Amino acid sequence: MVWCHLSHFRNFVRVSFHRTAFANATNHFHSSPRCRTDDVQYDQIPVSRIRNFSIIAHVDHGKSTLADRLLEITGTIAKHAGNRQVLDSLQVEKERGITVKAQTASLLYQHAGERYLLNLIDTPGHVDFSNEVSRSLAACNGVVLLVDANQGVQAQTVANYHLARSKHLTIVPVLNKIDLKNARPEAVCNELFTLFDINPDEVLKVSAKLGTGCDEVLRSVIERLSAPEADRAAPFRALIFDSWFDKYRGALNLVYIRDGEIRPGQEITSCHTGKAYEVKSLALLQPDERKVDRLVAGQVGLLGCNMRTSSESQIGDTFFLKQNKTCIPLPGFKPLRPMVFAGVYPADQAQHLALKSAIEKLVLNDSAVTVTPDSSPALGQGWRLGFLGLLHLDVFNQRLQQEYDAEPIVTAPSVTYKIKLQGSKAIASHGGNDIVYISNPAQLPDRTIVEEYYEPYVLGTIIAPTACIGSIIGLCVERRAVQKTSLNIDNERIMTTYLMPLNEIVLDFHDHLKSISSGYASFDYEEHGYVATSIVRMDVLLNGQLVEELCTIVHTSKAQQHARELVVKLRDLIPRQMVQIAIQAVVGGKVLGRETIKAYRKDVTSKLYGGDVTRRMKLLKQQSEGKKKMRAIANINVPRDTFIKVLKR
């Protein structure tokens, strides 16, 4: 494009093109935002003019739209009507309209005659992806807290605010969507003051869709946020806070350079694994990769070092130069513990290796997922995966299908129970530990060797209209929740917190909450720990034979209801056979639910056309005796599809 313009100007000079016009045109060309970034030496920008910040908000409050406007204002991308959620690059993000992965972009902005480097991280808003937010904040010095001027403060807004405060980050409050006719900026500012003690005069009011006030956001980030604590004279250290797998370049690491500098060709060492690597490539994200000759302290960039296996890249690890011999690891972040577990199996065991490779590569991109090998007599070899929530599980499954063409079978989600054992033999059989953690119902110890059962609880926050609070309380009581606090945000909305069993909310609690509140309630939760409980293992018997794959763990108060639902479902799924099938849901030898599948019956009397009735009775008696003998020796044929339909979510 540059050479085209210069040759165009040369032709006009030859025909006595006016010198002033040429100068004006040239100056206009070089003032283009895109051209300003082409010759910038990013490593020459001092640390004092670098700002690392993140945008945090509740779902659908406009984080990605605001990021689009900031990219346009700084000239990182050209202004275009099609710029919608530019940083949401995954197919699942475009289909669902939510941010799943935190995305980074390095922006240049002119302020007070100086050029600033702004490293922006756009984070997800749903509670199930809070791990993305947590590790993104490890590389930030401040956050933009975005709130919808129409919907006001939501549950995830509260959680994100306290997460940022716990890391001692500077908060820039911003109201979005002020252009909507139902916007109520003054009321929402009062909510921010009531809940967070934020001065209404400090709240910025913008419309990310129209671009109104977005310049002020950038100026506030520069003026209110501090520069990163980086030392370019110190030996090189970098924190890995994200990574993904490229089939040509191996594992790529997104790093925050804390100290020193790094160049291609240098050898670095991992503090966690002790392995050494040669730096192959360095780049800044804008949001596409822009190769650079070096990265210096204060910057956020992409580092490729020929890591061939996904297990080598550890989120939260520290890189240092191999020649330095020793390294003090950088303070990273506390990884969130999985809350929901589900079994993942290949549809065909021939696909086992392909699915294993896909899971390993995707886990590199989503470090919150834990993987443990598992097996099932019904489904074969597979894995037990841990997730932060149900949406997290759904998105992971969808990404496996879309990005790796996998066809996984995902079982119904469950939670991990803590069990305290009693008796020296029982403790010795579990490696000398009196505390064990169980997420697979088949591994639940017998009640006779258990001193106490514990189940995971969460502290849930619900913000809802006052008119539907009665129905919400009823739903929470039904799910064994205990109310802790209640606070009136204003005359129309109330915020309540509940202590809730995780097992009661992982499946359909959020759907029921949205239904009874007409979509106006918002829900967020955080881990609370384990609480003593009363749980039982429910076994399924088919004609008296135990089927371990269908065992479940239920609370004592819900056992009868669950047993009835389970046997009815199995009655509809198991096909009729030549023998009668008795389906029983049993707890400790007591049958809580039973259904019967009648056997096929051949009409053995069809060939009779009259005569004595004793002949008919004799044939029926012979058939009855044959049925009894078959029931005694025959195995029940339960198709694999039946197990899949029962175990699948």
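Our structure is the block above this text.
Residues numbered from 1 in each chain as written. Predicted model: local features only at pLDDT ≥ 70, side-chain atom pairs only at ≥ 80, totals over all residues. Heavy atoms only, no water.

S.K.: How should I be thinking about the sheet that holds strand β1 (residues 50-57) in this particular structure?
M.R.: Strand pairs in the sheet, formed through backbone hydrogen bonds, run parallel or antiparallel to each other. Taken in spatial order, the 6 strands of this open sheet run β2-β3-β1-β4-β5-β6, and their pairing is mixed. At either end of the open sheet lies a strand with only one pairing partner, and these are β2 (103-111) and β6 (204-205). For strand β5 (residues 170-176) and β6, the ladder comprises 2 bridges, and the chain directions are parallel. Paired with V174 across the two strands is L204, which belongs to β6. With respect to the sheet, helix α4 (residues 63-73) is in contact with β1, β2, β3 (114-122) and β4 (142-148), its orientation differing from that of β1 by roughly 150°. (Pairing = 2+ DSSP bridges. Helix = DSSP H or I, 4+ residues; strand = E, 2+ residues; numbered from the N terminus. Contact = heavy atoms within 4.5 Å. Axes fitted to C-alpha atoms, helices over the stretch in contact; angles between N-to-C directions.)

S.K.: Explain helix α11 (residues 390-404) here, please?
M.R.: Each full turn of the α-helix corresponds to 3.6 residues, which orients residues three or four apart in the same direction. With 15 residues, α11 should cover 21 Å at 1.5 Å per step; its first-to-last C-alpha distance of 21 Å lies within 8% of that length. Among the residues of α11, L390, L391, H392, L393, V395, F396, N397, Q398, R399 and L400 are the ones counted as buried. D405 sits one or two positions beyond α11 and adopts a positive phi of about 55°. (Expected span 1.5 Å × (residues − 1). Buried < 20%, exposed > 50% of the residue type's maximum accessible area, 1.4 Å probe, protein only.)

S.K.: Teacher, can you tell me more about the environment of A585 here?
M.R.: Following the sequence through the fold, A585 ends up in strand β30 (residues 581-587). Its relative accessible area of 0% is what places A585 among the buried residues. On a C-alpha basis, the gap between A585 and V540 in space is 4.8 Å, while along the polypeptide they are 45 residues apart. For A585, the residues in contact, after removing those within four places along its chain, are M538, D539, A563, V567, K590, V591, L592 and G593.

S.K.: It is not clear to me how the environment of I419 should be interpreted in this structure. Could you clarify?
M.R.: Structurally, I419 is set in strand β21 (residues 417-421). By relative accessible area, I419 is classed as buried at 0%. It is 7.7 Å that separates the C-alpha atoms of I419 and E451, two residues lying 32 residues apart in sequence. When sequence neighbours within four positions are dropped, the list of residues in contact with I419 reads D434, I435, V436, I438, L444, P445, V450, E452 and Y453.

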